[in-house]
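Residue-level structural notes
If you want the building blocks of each chain, they are given just below.
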Amino acid sequence: MEWSRQYLKVVLIVAMMAAVSACSVSYKFNGASIDYTKTKSIQIADFPIRSSYVWAPMGSIFNNALKDKFAAQTRLSQVKRNGDLKLEGEITRYEQRNKAVGSEGFSAMTELTLTVNVRFTNNVNHNEDFEQQFSASQSYETTLSLNQVQEELVTKMVEDLVSQIFNAAVANW
């Protein structure tokens, strides 16, 4: 009788473990909600700089970061043409302006702004197509020159812009 109780306990434990492992739920926290059965590829064009003020490395920093984001956080293959999704646009604004005035009446903080115009085409579902401008800003103390902080600030703004674009394109919350 004792052995049948132990046998029953073992069978119940094995059955519960099998049931728990069979009922697994998968969550992704990268924000993408893509139906990979319908959407398999993305075409990301290089965004040219069309702003009046230009810092040469900005274009390649932005273009590489955008492509890297989609490569790292989706299973979409990046293609040169005829993608299921298509991202294109241009860097339209790169400017700085005074943000705060110090006690002597001179500028104490300067704000640097980067704006990108994006055209998104979803060839699987054209209801999701859009054209939109995205902007990001960073501030720095006027005691520093733009040359001293430019690379760091542009990198931070690009990270922000790429996240905004990614969320608008494939994170359909």
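Residues numbered from 1 in each chain as written. Predicted model: local features only at pLDDT ≥ 70, side-chain atom pairs only at ≥ 80, totals over all residues. Heavy atoms only, no water.

**What to know about helix α2 (residues 57-73)**
Stated formally: Helix and strand assignments follow DSSP, with helices taken as H or I runs no shorter than four residues and strands as E runs no shorter than two, numbered in order from the N terminus. Take the residue count of a helix, subtract one, and multiply by 1.5 Å to get its expected span. For every residue, the accessible area obtained with a 1.4 Å probe (protein chains only) is divided by the maximum for its type, and the residue is called buried under 20%, exposed over 50%, and partly exposed between those limits. To be clear, the arc concerns the directions from the helix axis to the C-beta atoms. Whether two residues are in contact is decided by their heavy atoms, any of which lying within 4.5 Å being enough.
Between its first and last C-alpha, α2 extends 24 Å over 17 residues, near the 24 Å set by a 1.5 Å rise per residue. Residues Met58, Gly59, Phe62, Asn63, Leu66, Lys69 and Phe70 constitute the buried set of α2. What you see down the axis of α2 is that its buried residues fit within an arc of 130°, all on one side. Packing partners of the buried residues in α2 comprise β1 (41-44), β2 (77-78), β3 (85-101), β4 (107-122) and α3 (146-170).

**A look at the sheet that holds β3**
Quick note on the threshold: If DSSP finds at least two bridges between two strands, the strands pair. For helices, the fitted axis covers only the stretch in contact; all axes are lines through C-alpha atoms, and the angles between them, taken along N-to-C directions, range from 0 to 180 degrees.
Across the sheet, which stays open at both edges, the five strands sit in the order β2-β1-β3-β4-β5 with mixed pairing between neighbours. Bordering the open sheet on either side are β2 and β5 (130-141), each of which pairs with just one other strand. Sheet topology note: the β1/β3 ladder contains three bridges and is parallel. Across the sheet, residue Ile42 finds its bridge partner in β3, namely Leu85. Against the sheet, α2 makes contact with β1, β2, β3 and β4, and its axis sits at roughly 125° relative to β3, the strand it touches most. Contacting β3, β4 and β5, α3 crosses the sheet at an angle of about 150° to β5.

**Description of the packing of aromatic side chains**
Here is the rule: Any two rings among Phe, Tyr and Trp, with Trp reduced to its six-membered ring, count as a pair given centres within 6.5 Å; such a pair is stacked if its planes are under 30 degrees apart, edge-to-face if over 60, and tilted if neither. Criterion for a charge above a ring: Arg CZ or Lys NZ at most 6 Å from the ring centre, at most 35 degrees from the ring normal.
A complete count under the given rule lists five aromatic pairs for this structure. Ring pairing ties together the aromatic residues Phe120, Phe130 and Phe134, which thus form one cluster. Directly above the aromatic system of Phe166 lies the positively charged group of Lys69, at a separation of 5.3 Å from the ring centroid. In this structure, Arg75 is placed above the aromatic ring of Tyr36, and the distance from its NZ or CZ to the ring centre is 4.0 Å.

**Brief notes about the pairing of β4**
As paired elements, β3 and β4 share 15 bridges and run antiparallel to each other. Paired with Tyr94 across the strands is Leu114, a residue of β4. In this sheet, β5 lies alongside β4 in antiparallel orientation, the contact comprising 12 bridges. Paired with Val118 across the strands is Gln132, a residue of β5.

Keep in mind these values describe shape, not function.
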